[in-house]
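Below, each chain spelled out in residue letters.
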Amino acid sequence: MRFRRTLISAAAAGLLATAAAAGTGTATAAAASSAGSADGPRLVVDPPQEYYFLAEDGGDNSANRYMTRLTVENRGAAAVENVQAVYDLSSLKDKVTIDRLGWKCTRTDWVVTCPVSPIYDWANPEPFALRSVKGLPLGELGQVHERFTSPDAAPAEHTRRVFNGRPEPRYGTHAPYSIPDSERGSFPKLTPVVGNAGRVAVPDGILLTVQVTDGAFTGERYSNCSYRSYVGSVTVASCRIKGELAPGTAYTTDGAFQGATDPCCRVKGAYYYDFSPLGNPPIGWDEGTPGTGRVLGLKPVDANTARQTRGVMDFISAGDWQTDFAQTPLTLTGKVGQIVEERVPWPRNLGPDDPAELMDDGDWQRFLSRLRVTVTLPEGVSLYPLQPNEQREEDLCDYTQDRRTISCRLHDWSYLRVRFDKKVEGAQGSLTVVYPNDLTDPNPSNNTAPLSVDITGTTPPSTGTTPSPTPSTSATPTPTATATTPAPAPTTSETPPTGSMAATGTSATPLLTTAAVSAIALGATLLTARRRRT
């Protein structure tokens, strides 16, 4: 799918802006009148962060952001405006220093006041950076009382406990696992190991997050865990496990996690896991579907078994990996004088293995950068590459530096654009996949496929020096073939990308823990290419 941006004319944009402003004013007035009612809009701290841990003895705390997730319930069409956040730090007087104030925040003694941008769905205000005073004992120092108000919505209040010192999560060591062919489709079992190497306890329990790439969890689904699948074949289990995790202790779960996938194909994947305090779930965390089995618990183990800073267990199918690429044919259809374009077809990989499975995120990007399709055009057809001053979001095939070879990148927005100069009976070109030398192809004879043309007639001449092309049923509408003519017009039926993430904004992909973000980023990177099998 090609992703395009739709441009609105200045006049249309002005009309839309005027209408939006009028609608916002009406909706804002309505929101204000219902702000105090039970069914009116109200500000909510969700999820609430119960604890804030400082580095002990005044250590650097710059990476430890103080953030509150503020959402709106029962919001109408308009944003909630004029939101004010007030933070009372009076119980922390002489125990912390305020190193930095947030955007437009002001301080009066131990009270910090901050404006919050208009809220449509959520906002993440960051009012200050705190640092502990040297020489204080470890443990709880006091609280920060938060209050959020707006004339458009009912207020919200929350209190967060502040500690001197912080827990230090640690995880077990898991050897890589080679999946024998007799177990194809089944992943190894994972029993997470968690520990606390810090000098302050995790107060009330942990939120353990376990994820598996390229598969789904099978077997028992624990009732204190919730399960959710994300783009890119990543499945996540989030488990609420109560009980203090004291300094210098380690535990293992009393049950295992196991994933599985389609037994058709070999895999390279991993389990990732980490934890956060139960009272401090990740911002934007989405629980998913609860399990119905028994409650997952913890049992103590030697503290030395939890020494890693991240929890990971890699696995890979055993045996020699081979991929038999087979280039896909392509037929270009149109009339003499017409400019047409078609997406460059991906080669089929006939197995048994998908090369994407062998690639980590960075490796896959490097692999794609070396994967190409070279084109030999049929007689009577000429390349129409990117023109001077032309701007395109798609990649168009072009000549290499020697000006003799037409080369196309391989991804979902790579297009071959040509002009039909004349009809030549029986004319045929070719497409050839070119892959890195470090990949084995046991049957290179099928790496080239025919490039055919189907010329159905002649485009009527234009008044200019070159024919004015007309769109074919299989190609994007195209312009007159002059050197300064812009690219073919966008196809309006295709869907542009959606979703946004900013300081405030509309809903987007839920955020996970640090390890989860890494795995999901990998899954999303591979989504366009991972399962291209026949």
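A brief report on the enclosed structure follows. Quick caveat: nothing in here was measured; it's all calculated off a predicted structure.

### Comments concerning the packing of aromatic side chains
If you walk through the whole model with that rule in mind, you get 15 aromatic pairs. With 4.8 Å between their ring centres and 50° between their planes, tyrosine 66 and phenylalanine 128 make a pair best called tilted. Residue tyrosine 66 is found in the loop between strand 2 (51–54) and strand 3 (70–73), and its partner phenylalanine 128 is found in strand 9 (residues 128–132); the two are separated by 62 residues along the sequence. Here the two residues tyrosine 66 and phenylalanine 128 agree in accessibility, since each one is buried. What links up through ring pairs into an aromatic cluster is the set Tyr52, Tyr66, Tyr87, Phe128 and Phe148. Over the aromatic face of tryptophan 110 sits the side chain of arginine 107, whose NZ or CZ is 4.8 Å from the ring centroid. Positioned above the aromatic ring of tyrosine 227, the side-chain terminus of arginine 221 is 4.5 Å from the ring centre.

### Structural notes on the pattern of salt bridges
Per the stated rule, a full pass over the model turns up 19 salt bridges. The partner of arginine 161 in a salt bridge is glutamate 140, and the shortest N-O contact between them spans 2.9 Å. Taken together, the residues span a long stretch of sequence, with arginine 161 in strand 11 (residues 153–164) and glutamate 140 in strand 10 (residues 139–150) at a distance of 21 residues. Here glutamate 157 makes a salt bridge to arginine 147, at a shortest N to O gap of 2.7 Å. Within this pair, whereas glutamate 157 is found in strand 11, its partner arginine 147 is found in strand 10, the two being separated by 10 residues in sequence. With a relative accessible area of 48%, glutamate 157 lands in the partly exposed category.

### Brief notes about the sheet that holds strand 15 (residues 193–196)
With antiparallel pairing, the 4 strands of this open sheet are ordered in space as 12-15-20-24. Of all the strands in the sheet, just strand 12 (169–171) and strand 24 (298–301) have a single pairing partner and so form its edges. Pairs of neighbouring strands in the sheet enclose a mean axial angle of 35°, with direction left out of account. For strand 12 and strand 15, the ladder comprises 3 bridges, and the chain directions are antiparallel. In the strand pairing of strand 15, arginine 170 is matched with glycine 195.

### A short note on the environment of alanine 427
Positionally, alanine 427 belongs in the loop between strand 35 (414–420) and strand 36 (428–434). A relative accessible area of 14% means that alanine 427 is categorised as buried. It is 5.6 Å that separates the C-alpha atoms of alanine 427 and glutamate 379, two residues lying 48 residues apart in sequence. Beyond its immediate chain neighbours, meaning those up to four positions away, alanine 427 contacts Pro378, Glu379 and Val453.

### So, the sheet that holds strand 23 (residues 289–290)
The 7 strands are arranged 13-25-22-16-19-18-23 in an open sheet whose pairing can be described as mixed. Of all the strands in the sheet, just strand 13 (177–179) and strand 23 have a single pairing partner and so form its edges. Relative to strand 25 (residues 311–317), strand 22 (residues 268–277) is paired through 6 bridges, and the arrangement is antiparallel. Across the sheet, the residue bridging to glycine 269 is phenylalanine 315, located in strand 25.

### Some words on the state of the cysteines
Scanning the model with the defined rule gives 3 disulfides in all. Covalently, cysteine 105 is tied to cysteine 114 through a disulfide, its sulfur atoms 2.0 Å apart. Every disulfide takes its handedness from the sign of the S-S torsion; for cysteine 105 and cysteine 114 that torsion is 115°, giving right-handed. Take cysteine 105: its relative accessible area is 13%, and that puts it in the buried class. Here cysteine 225 connects covalently by a disulfide to cysteine 239, the sulfurs 2.0 Å from one another. Across the S-S bond of cysteine 225 and cysteine 239 the torsion is about 110°, and the bridge reads as right-handed. A residue pair is termed long-range when its members are at least 10 positions apart, and cysteine 225 in strand 18 (residues 225–230) and cysteine 239 in strand 19 (residues 234–242) qualify at 14 residues. Since its relative accessible area comes to 0%, cysteine 239 is described here as buried.

### Here we look at unusual backbone geometry
Between aspartate 46 and proline 47 the backbone carries a cis peptide bond, its omega angle lying at 0°. As for its placement among the helices and strands, proline 47 is situated in the loop between strand 1 (42–45) and strand 2. For asparagine 74, which is not glycine, the phi dihedral falls at a positive 60°. Looking at where asparagine 74 falls in the secondary structure, it is placed in the loop between strand 3 and strand 4 (83–88).

### Here we look at empty space enclosed by the protein
As enumerated under the stated definition, the model contains 5 cavities of 30 Å³ or more in all. Forming the boundary of the second largest cavity are Asn61, Ser62, Asn64, Arg65, Tyr66, Arg100, Glu126, Phe128 and Ala129. Of the residues assigned to the lining of the second largest cavity, the class counts are 3 nonpolar, 3 polar and 3 charged.

Rules behind the numbers
Residues numbered from 1 in each chain as written. Predicted model: local features only at pLDDT ≥ 70, side-chain atom pairs only at ≥ 80, totals over all residues. Heavy atoms only, no water. Phe/Tyr/Trp six-rings, centres within 6.5 Å; stacked < 30°, edge-to-face > 60°. Helix = DSSP H or I, 4+ residues; strand = E, 2+ residues; numbered from the N terminus. Buried < 20%, exposed > 50% of the residue type's maximum accessible area, 1.4 Å probe, protein only. Lys NZ or Arg CZ within 6 Å of the ring centre and 35° of its normal. Salt bridge = Lys/Arg side-chain N within 4 Å of Asp/Glu carboxyl O. Pairing = 2+ DSSP bridges. Axes fitted to C-alpha atoms, helices over the stretch in contact; angles between N-to-C directions. Contact = heavy atoms within 4.5 Å. Disulfide = S-S within 2.5 Å. 1 Å grid on protein atoms, 1.4 Å probe; cavity = no way out; pocket = protein on both sides within 12 Å on 5 of 7 lines; lining within 4 Å. Points joined across faces, edges and corners; volume = space filled by probe spheres on them. Nonpolar A, V, L, I, M, F, W, Y, C, P; charged D, E, K, R; others polar.

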